[in-house]
Amino acid sequence: MTLRSDLLPALVAFESAARHQNFAHAAEELHLTSSAVSHHVRKLEARLGVALFQRHARGVSLTAEGRHLADVASAAIHDLDGAMQDLRSRDDARTVRITTLHSFAYTWLIPKLPAFAREHPDLRLRVDTEIALTRLDEVGPDLAIRHGPGRWPGLAAQHLMDETLFPVAAPSLPGLDRVASAADILQLPLVADLSHQGWHDWFRANGVRSTRLDEQFVFSDSTDMLRAASLGLGAALARERIVAPWLASGQLARLPGAPMPGRYAYYIAYPAHRRPRAAVRRVIDWLVAQPVD
């Protein structure tokens, strides 16, 4: 079997899960959800045609095939880390590498970069949105902007902004004229993403009880979900910071119902074991000083 680039995130997730013998701990290390790690592992198992883990009530354990692949994957990732360390310019003090979610980069960070370029013309940013391959170590990014609880093993976290969630839909979505309350949204087709809070949480917060929600399309990335909603595929439960450009352009409009406070917030995270160098500190200070809207 030829190694394809689309398997690399799955291999990284598998290697972390195998090292921890725990999907939740791997998720914390990679800044993913446990379900995303499980999805990566199952994708790898399906491609290989073998079981890599035994699932049981107490957790997971490697099969013989899984142990063999884990040893090889761990050695390969270690070699790659070493090679990148050798290639990385040690005197490039002006460059700061950031990893974040694609949705956050697209809708919040990138629109603010013209101001950054004017204020800090001497600095260079490298923005990575492939979170499955991210490790905040000696060869990894300098800092991360993450949506989560603000506590990750080995990382220091600085609060950036809070979040709220509310429903949106394209103005042209059929049936929108009959939506006058939160309960009426149940009549619409729904689209969703893999966020920690979803439609069930929002309806419950708005006092709407439903035994079944028909989420016709579910996306791993919030940007894809909002794009689908803007094309009239259904109503979406949007995060306030991410949906702002769609609302401003009129592609999406807010629907009835009270906004729900986000369980998690956005944080700037960096390795706790090393003090941010001067360029990194300047980027952190700039990010914190930005207006949240």
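Use the structure listed above.
Residues numbered from 1 in each chain as written. Predicted model: local features only at pLDDT ≥ 70, side-chain atom pairs only at ≥ 80, totals over all residues. Heavy atoms only, no water.

Brief notes about a nonpolar patch on the surface
- There is a patch of nonpolar side chains on the surface, built from Phe217, Leu231 and Leu233 and spanning about 250 Å² of accessible area.
- Tracing the backbone through its elements, the reader meets Phe217 in strand S9 (residues 215-219). (Patch = residues over 30% accessible without salt bridge, like charges linked within 9 Å, V, L, I, M, F, W, Y side chains within 5 Å. Areas by Shrake-Rupley, 256 points an atom, 1.4 Å probe, with all protein chains shown as cover. Salt bridge = Lys/Arg side-chain N within 4 Å of Asp/Glu carboxyl O. Helix = DSSP H or I, 4+ residues; strand = E, 2+ residues; numbered from the N terminus.)

Some points on the environment of Ile284
- Relative to the helices and strands, Ile284 is located in helix H9 (residues 278-289).
- Considering only alpha carbons, one finds Ile284 and Arg118, 166 residues apart in sequence, at a separation of 16 Å.
- When residues no more than four places from it in sequence are discounted, the contact partners of Ile284 are Leu143, Gln158, Ile268, Tyr270 and Pro276. (Contact = heavy atoms within 4.5 Å.)

A closer look at the pairing of strand S7 (residues 164-169)
- Within S7, five of the six residues are buried, which leaves it mostly tucked inside the rest of the structure.
- The pairing of S7 with strand S10 (residues 235-239) spans four bridges and is classified as antiparallel. Across the sheet, Leu165 pairs through a bridge with Arg239, a residue of S10.
- Where S7 and strand S11 (residues 253-254) come together, two bridges link them in antiparallel fashion. In the strand pairing of S11, Ala169 is matched with Ala253. (Buried < 20%, exposed > 50% of the residue type's maximum accessible area, 1.4 Å probe, protein only. Pairing = 2+ DSSP bridges.)

Here's the deal with the packing of aromatic side chains
- Evaluation of the coordinates by the stated rule reveals 10 aromatic pairs.
- Ring centres 5.4 Å apart and planes at 25 degrees place the aromatic pair Trp199 and Phe203 in the stacked group. Here the residue Trp199 and the residue Phe203 both occupy positions in helix H6 (residues 199-205), the gap between them amounting to four residues, near one helical turn. For the pair formed by Trp199 and Phe203, the shared burial category is buried.
- Plain terms: the ring middles of Trp202 and Phe203 are 5.2 Å apart, the flat faces sit at 70 degrees to each other, and that makes the pair edge-to-face. Both residues of the pair, Trp202 and Phe203, belong to the buried class.
- Between the NZ or CZ atom of Arg254 and the centre of the ring of Phe166, over which it lies, the distance is 3.8 Å. (Phe/Tyr/Trp six-rings, centres within 6.5 Å; stacked < 30°, edge-to-face > 60°. Lys NZ or Arg CZ within 6 Å of the ring centre and 35° of its normal.)

Details of helix H5 (residues 102-119)
- Look at H5: 24 Å from first C-alpha to last across 18 residues, which is about the 26 Å you get at 1.5 Å a residue.
- The largest bend along H5 reaches roughly 45 degrees and is located at Leu109, with the proline Pro111 sitting one to four residues downstream.
- Taken together, the buried positions of H5 are Ser103, Phe104, Ala105, Thr107, Trp108, Leu109, Lys112, Ala115 and Phe116. (Expected span 1.5 Å × (residues − 1). Bend = angle between axes of the 7 residues up to and from the residue.)

Some thoughts on the packing of H5 against H9
- Relative to each other, H5 and H9 sit at 120 degrees, their axes nearing to 11 Å. Accordingly, the angle class assigned to the pair H5 and H9 is oblique. Once H5 is placed against H9, the crossing between them reads as right-handed. Along the contact surface, H5 presents Trp108, Leu109, Lys112, Leu113, Phe116 and Glu119, while H9 presents Val283, Trp286 and Leu287.
- Across the contact of H5 with H9, the residue classes break down as seven nonpolar, no polar and two charged. (Axes fitted to C-alpha atoms, helices over the stretch in contact; angles between N-to-C directions. Parallel < 35°, antiparallel > 145°, perpendicular 65-115°, else oblique. Left-handed = near helix turned anticlockwise from the far one by under 90°. Nonpolar A, V, L, I, M, F, W, Y, C, P; charged D, E, K, R; others polar.)

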